[in-house]
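Fold and geometry: a report
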Amino acid sequence: MTGPGGSVARATAPETEAWRLGVLVRVCVLALVTGQVLVDRALLASLGTLATLAAVAVTVSVLDVSPRLAGLWQGPAEAAVTAVVVVLVGHGADALLVALVAPVVLAGMRRGVVAALLTWAGATVAVVAAHVAASVAGVGPGEPSPLVLWTVVGLGAGVLAATRTRSRRSVLESRAPHAAAHQLVEQLHGLLGARALDVDVDALCRELQDAARALVGAGRSSIWVTDVEGGPRLLSSCGPTSTVDEAEARGVARTRRPRTGPCHLSLPLSAGELVFGVLVLGDLDPVGPVDADLVLERVGPLSLQLDTALLAGSIRSGATHDERRRLARELHDGLAQRTVAIGYLAEELVDLADSADLVRTAGELRDEVAHLTHEMRSSVLELHQDLVGDAGVADAVSGFVRRVAARRGLVVHVMLEESGPRLAPELELQVLRIAQEAVANVDRHAHASTLWLTLRRQGRALRLEVEDDGIGGAAPRPGHLGLETMRHRAHQLGGELAVTARPGGGTRVVLSTPGAPVGSPSRGDDHACAADR
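Residues numbered from 1 in each chain as written. Predicted model: local features only at pLDDT ≥ 70, side-chain atom pairs only at ≥ 80, totals over all residues. Heavy atoms only, no water.

Within the open sheet, the five strands sit side by side as E2-E1-E5-E4-E3. Their pairing is antiparallel. This sheet does not close on itself; its edge strands, each paired only once, are strand E2 (232-238) and strand E3 (259-260). Across the sheet, helix H8 (residues 243-255) lies against strand E1 (220-226), E2, E3, strand E4 (264-271) and strand E5 (274-282), angled at about 145 degrees from E5, the strand it touches most. (Pairing = 2+ DSSP bridges. Helix = DSSP H or I, 4+ residues; strand = E, 2+ residues; numbered from the N terminus. Contact = heavy atoms within 4.5 Å. Axes fitted to C-alpha atoms, helices over the stretch in contact; angles between N-to-C directions.)

Structure follows, in structure tokens:
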């Protein structure tokens, strides 16, 4: 949750809560012992004992702060020291015996029944040893029965505390990962809201590659990240990439160590101990040797920023995907059904109308409702469409176009050509959204009979063309953000979007990124197909 002033309220960790509870119990026991001493009017005689018990409580509380110092031995040690102080220094005074209970109870609360039993055993052995030592020395520790009584009380209280807190510990342990995740998400949300965190993956990739190329005099570069199958996936590149670059990325991802060659340098990109990607630099300046450690040191901050941006993008992508599916369900199950019902009512109005004006008005209403239903179904289809499994951007675009064509009765010509490594999923999704918007505009506004779609991709470089033979004149309209959104997505891809008139009538939408293939596609490449309907 967010506190006053926009700061993030952090949940108390279970370890911190247990430490605070331990300090509170020790303070309460010391206060109780001091009160009993005052009631017995033996403050001066017991002052040394009280000071010693306070010193023990402070020492143990300090040790509790560090998990490396605290351990299962701490309870028995605290109980033994407390027993020796009470029996030998305090001569077993009844007012001091309640201090024997505290270590056993705390051990049960902190670490369970086994720790409570071990602590009680340590207290019992120390009590017996101290009582025997006091008797031999003739200092007179008093009757043993009160000591026995309070050690038994300590055992019962410790076991009861362990039993009562077991369920609470289980709840806290089950909540701990969620509390930590909640805190991290809240912090990320706060940073994003304050614009204190740069999560533009494309801009960070370009900045990192520019800095690395400037350091070593490289002519080209590429960034690869590990996909779900453990293999390298091209995220960004400056200049052409090859199978050699992919092999270099695969080798560095496996060994997590830099690799150098006569004309290339491959470096692991890490955030802390985690290696999430590989930077491949090619066409190096052959002036002198390259210091890989120096390059890693210089690009380290940018590498951390890039990994953070990728994580933020993954979270945002998942949330966006879920929200799109939710909106699609609501549109389909709610608004779409009601719109169809209104369409039936419009049909009845046409049949029942008794004048020409009323027939014309009812017919216009029927046509508008039919158009609205068509638009809503198109929106539901777009919201449901996503990149799934092994399907790449070409398959996703082709599937969407065919579904629109089947519903609309369009004649479509689809030409797809792909080669080289796949785009990053977030970039493939941007291409799909641009294609969806361009095809949806044809479906909704162009009044076209034929649609041509061509997608040619070589690695990260691509060219997408969507043409129609409709009425043309595509331009931004008030209240419609389609073209603006498409241009924004093209900018995120590092490319450009052009909307022009098609020779012979209609509209032509072209998305191109640097290095995009031009000319007629050949059918002998990795993935090439043509489909007509």
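Ranked by size, the top nonpolar core spans 61 residues in total, and within it Leu235, Leu306, Leu453 and Val466 carry the most contacts. No other element matches the nine residues that helix H12 (residues 425-446) contributes to this core. Ignoring any residue separated from it by four or fewer positions in sequence, one finds valine 466 in contact with Ala438, Val439, Val442, Leu451, Trp452, Leu453, Thr507, Arg508 and Val509. The next biggest cluster of nonpolar side chains, apart from the first, holds 22 residues, and it includes Val29, Val87, Val127 and Ala130. (Core = buried A, V, L, I, M, F, W, Y, C linked by side-chain atoms within 4.5 Å. Buried < 20%, exposed > 50% of the residue type's maximum accessible area, 1.4 Å probe, protein only.)

Think of two packed helices as two axes; the pair is described by the angle between the axes and how far apart they sit. As a packed pair, H12 and helix H13 (residues 482-492) sit with axes 10 Å apart at the nearest point and diverge in direction by 155 degrees. Between H12 and H13, the angle is such that the two are roughly antiparallel. For the pair H12 and H13, the sense of crossing is left-handed. Packed against H12, whose contacting residues are Leu427, Gln430, Arg433, Ile434, Glu437, Ala438 and Asn441, the element H13 presents Gly482, Met486, Arg489, Ala490 and Gln492 at the interface. Each residue belonging to the contact of H12 with H13 can be placed in one class, and the counts come to five nonpolar, four polar and three charged. (Parallel < 35°, antiparallel > 145°, perpendicular 65-115°, else oblique. Left-handed = near helix turned anticlockwise from the far one by under 90°. Nonpolar A, V, L, I, M, F, W, Y, C, P; charged D, E, K, R; others polar.)

The next thing to look at is H8. For H8, which comprises 13 residues, the first-to-last C-alpha distance of 19 Å matches the rise-based estimate of 18 Å (1.5 Å per residue) to within 8%. If you follow the buried residues of H8, they end up packed against E1, E2, E3, E4 and E5. (Expected span 1.5 Å × (residues − 1).)

Turning to H13, its buried residues are Gly482, Leu483, Met486 and Ala490. The buried residues of H13 occupy one face: seen down the axis, they fall within an arc of 95 degrees. Residues of H13 that are exposed and angled more than 90 degrees away from the buried face: Glu484 and His491. Elements in contact with the buried residues of H13: H12, strand E9 (496-501) and strand E10 (507-512). One or two positions beyond H13, positive phi appears at glycine 494, with a value near 75 degrees. (Arc of directions from axis to C-beta.)

On to a nonpolar patch on the surface. A surface patch of nonpolar side chains, amounting to about 260 Å² of accessible area, comprises Leu38, Leu43 and Leu47. Mapped onto the secondary structure, leucine 38 falls in helix H1 (residues 14-39). (Patch = residues over 30% accessible without salt bridge, like charges linked within 9 Å, V, L, I, M, F, W, Y side chains within 5 Å. Areas by Shrake-Rupley, 256 points an atom, 1.4 Å probe, with all protein chains shown as cover. Salt bridge = Lys/Arg side-chain N within 4 Å of Asp/Glu carboxyl O.)

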